[in-house]
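Here's the letter readout for the chains.
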Amino acid sequence: MNAPIKPEHLNTREIQSLDSAHFLHPFTDHGDLATRGARVITHADNIYVWDSEGNKILDAMSGLWCVNAGYGRKELADAAHAQMMTLPFYNSFFQTTNVPAVKLAAKLASLAPSVGGRTFQHVFYSSSGSESNDSNVRMVRRYWDLMGQPQRKIIIGRHNGYHGSTMAGASLGGMSGMHAQGDLPIPNITHVEQPYFFENALPGESEADFGVRAAGFLEAKILELGADKVAAFIAEPVQGAGGVIIPPATYWPEIQRIVDKYGILLISDEVICAFGRLGHWFAYEKFGYRPDLVTFAKAVTSGYVPLGGVMVGDRVAKVLIEQGGEFNHGYTYSGHPVACAVALANIELMERENLVGRVKDDIGPYLAKRFAELADHPLVGVAETCGFVAGLVLVKDKATKTAFDPNLAVGMVCRKHCFGNGLIMRAVGDRMIIAPPLVMTHAQIDEMIDLIKRCLDATLEEVR
Ligand code: PLP
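What you see is a predicted model, and the numbers here were worked out from it, not measured in a lab. (Residues numbered from 1 in each chain as written. Predicted model: local features only at pLDDT ≥ 70, side-chain atom pairs only at ≥ 80, totals over all residues.)

Colleague: Explanation requested: the pairing of strand β11 (residues 380–386) in the structure shown.
Modeller: Looking along a regular strand, one sees side chains alternate from face to face of the sheet. Judged from the six bridges that link them, β11 and strand β12 (residues 389–394) form a sheet pairing that is antiparallel. The residue bridging Val-380 from the neighbouring strand is Leu-394, located in β12. Remark: two residues form the turn of the hairpin made by β11 and β12, two consecutive strands paired antiparallel; Gly-387 in that turn has positive phi of roughly 60 degrees. (Pairing = 2+ DSSP bridges. Helix = DSSP H or I, 4+ residues; strand = E, 2+ residues; numbered from the N terminus.)

Given below as structure tokens:
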């Protein structure tokens with residue numbers, strides 16, 4: 001038998017070797033990890049995390065787009081503790097419920113705005129974004145069966161979209177690297193091109209024209225497949241993991257026109273974009289479209305405990321409830337009382353501190369102003385923000401916007417300089433992206449922008 005492990009007595013090297021011996025990480029090359037050794041994050045406060053070597057790092061990615069309320073929020077720990085002492089777990093199968101799950105469902109229904117007369121009165125719970133999107137597939141298929149149109153099976157997603165890592169989630173997403181491992185997508189899921197103006201616009205095409213043309217890819221696909229075969233379209237309001245791809249203003253209105261015309265369900269995957277990230281509780285409100293299902297996870301608890309779910313709009317809920325009988329789908333942790341209690345405390349905290357409003361009216365516009373300055377840097381082709389997410393593109397030639405040779409992995413070079421300078425920024429190819437905690441002050445935004453400039457300079461030094 002192995003000797004018992006006392007973590008407090010382990011130094012960085014020892015943790016790293018145990019890590020590489022036993023811990024299979026998500027989305028990780030373990031050969032590479034074994035040679036480098038994992039960075040060990042030990043503690044966090046506000047917008048900063050510390051590693052086991054004592055380095056303080058500004059976390060401009062909110063963990064993984066989660067920690068909207070910032071680190072070290074005692075209210076959330078207290079809520080978890082109190083709920084664990086009262087009722088740590090009970091299931092919500094077999095005509096059973098629990099108080100935090102009920103209160104949270106009602107609260108979420110009150111936060112989800114009605115657009116064009118469509119409202120959200122119901123929530124289906126899971127523990128993650130991926131599971132929630134699996135639930136979406138199940139609900140969409142059940143809906144069309146009940147509507148007497150069982151041939152409507154195909155769900156259309158987008159290239160470079162991200163909807164999770166389960167079989168259905170990875171299939172709905174349009175990540176070619178994920179599809180290549182494991183025979184994905186599963187049947188009846190297909191994809192159209194993303195609305196990425198910087199990369200996909202035609203020479204001289206305006207952003208507005210491109211937005212309409214990009215939405216038109218959906219209509220073309222529907223006509224190719226036959227409208228009576230298409231069940232739903234799924235998309236992120238702003239693509240996150242794909243590199244913070246912000247659609248032109250003309251894109252979503254045209255998508256709405258198309259899904260309405262063909263009667264197709266619209267799924268808004270807001271795992272990143274909800275809970276204040278774009279200055280609204282739910283991001284469909286920002287763009288003015290009317291989804292039937294809304295996926296959420298991550299920041300509903302500010303990432304303190306796992307929770308996800310689907311806001312089920314009236315069109316689908318009415319059919320499932322009034323005609324569906326038993327829906328043979330659910331998870332042990334659907335409506336977990338501790339997760340729901342933490343979510344309630346998180347939403348209360350966000351309301352008290354007006355975190356959503358400050359993204360819309362204060363720190364969002366301030367970030368937009370400061371981040372735009374980065375476009376002057378010789379390495380940057382474009383720098384754009386939406387609410388409290390932002391992305392910039394590293395280019396070889398600023399005037400012609402020529403990309404670097406992908407083999408140079410310039411984004412990874414930049415990411416290395418970020419870590420070296422005490423900043424967490426994510427690289428998606430040569431796009432560098434951020435989604436900082438919503439508690440940031442103006443001074444902290446200034447600090448972050450200074451750090452980004454320093455990292456861009458160091459990258460320029462290395463790649464030129
Ligand atoms: N959907 C979107 C838009 C996401 O960004 C993510 C994760 O980043 C997911 C779904 C999957 O969520 P999870 O990792 O909680 O399964």
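Colleague: Explanation requested: the environment of Asn-421 in the structure shown.
Modeller: With respect to the element layout, Asn-421 can be found in the loop between α17 (410–420) and β13 (423–424). Each C-alpha atom, one on Asn-421 and one on Phe-275, is 29 Å from the other, the two residues being 146 residues apart in sequence. Those residues within four positions of Asn-421 in sequence are excluded, and the remaining contacts are Leu-451, Arg-454 and Cys-455. (Contact = placed C-beta atoms within 7 Å.)

Colleague: Help me out: how do you make sense of the sheet that holds strand β3 (residues 56–59) in this one?
Modeller: Hydrogen bonding along the main chain pairs the strands of a sheet, whether they run parallel or antiparallel. Pairing is mixed in the open sheet, where four strands are placed in the order β1-β2-β3-β13. The open sheet has two free edges, formed respectively by β1 (41–45) and β13, since each of these has just one partner strand. Alignment of β3 against β13, held across two bridges, turns out to be parallel. If you follow Leu-58 over to β13, its bridge partner there is Leu-423.

Colleague: Can you walk me through the packing of helix α16 (residues 363–372) against helix α18 (residues 442–463) in this structure?
Modeller: When two helices pack together, you describe them by how their axes are tilted relative to each other and by the distance separating the axes. The contact between α16 and α18 brings their axes to 10 Å, and the two run at 25 degrees. Classified by the interaxial angle, the pair formed by α16 and α18 is roughly parallel. Read as a crossing pair, α16 and α18 show a hand that is right-handed. Across the interface between the two elements, Ile-363, Tyr-366, Leu-367, Arg-370 and Phe-371 of α16 pack against His-442, Ile-445, Asp-446 and Ile-449 of α18. (Axes fitted to C-alpha atoms, helices over the stretch in contact; angles between N-to-C directions. Parallel < 35°, antiparallel > 145°, perpendicular 65-115°, else oblique. Left-handed = near helix turned anticlockwise from the far one by under 90°.)

Colleague: Can you help me understand α17 in this one?
Modeller: Each α-helix turn comprises 3.6 residues. Residues three or four places apart therefore point the same way. Residues of α17 that are buried: Val-410, Gly-411, Val-413, Cys-414, His-417 and Cys-418. Angular distribution of buried residues about the axis of α17 spans 160 degrees; they occupy a single face of the element. Those residues of α17 that are buried lie in contact with β12, β13, β14 (426–428), β15 (431–434) and α18. Remark: Gly-422 follows α17 within two positions and exhibits a positive phi of approximately 80 degrees. (Buried ≥ 20, exposed ≤ 12 C-beta atoms within 10 Å, placed from the backbone. Arc of directions from axis to C-beta.)

Colleague: Whenever I open this one, the sheet that holds strand β5 (residues 154–158) confuses me. Can you help?
Modeller: What the seven strands build is an open sheet, ordered β4-β10-β9-β8-β7-β5-β6; its pairing is mixed. With partners counted over all chains shown, the strands left at the sheet margins are β4 (120–126) and β6 (189–192), one partner each. Sheet twist, expressed as the average angle between the axes of neighbouring strands with direction ignored, equals 25 degrees. Note that β4 and strand β10 (residues 308–313) share six bridges and pair antiparallel.

Colleague: Help me out: how do you make sense of the nonpolar core in this one?
Modeller: Inside soluble globular proteins, nonpolar side chains tend to come together where they are buried. Ala-232, Phe-233, Leu-265, Met-311, Val-312, Val-342 and Leu-423 are the most contacted members of the largest nonpolar core, which totals 128 residues. Looking at which element gives the most residues to this core, the answer is helix α14 (residues 337–352), with 10 residues. Those residues in contact with Leu-265 that sit more than four places away from it in its chain are Val-140, Tyr-143, Ala-231, Ala-232, Asp-292, Leu-293 and Val-316. (Core = buried A, V, L, I, M, F, W, Y, C linked by C-beta atoms within 7 Å.)

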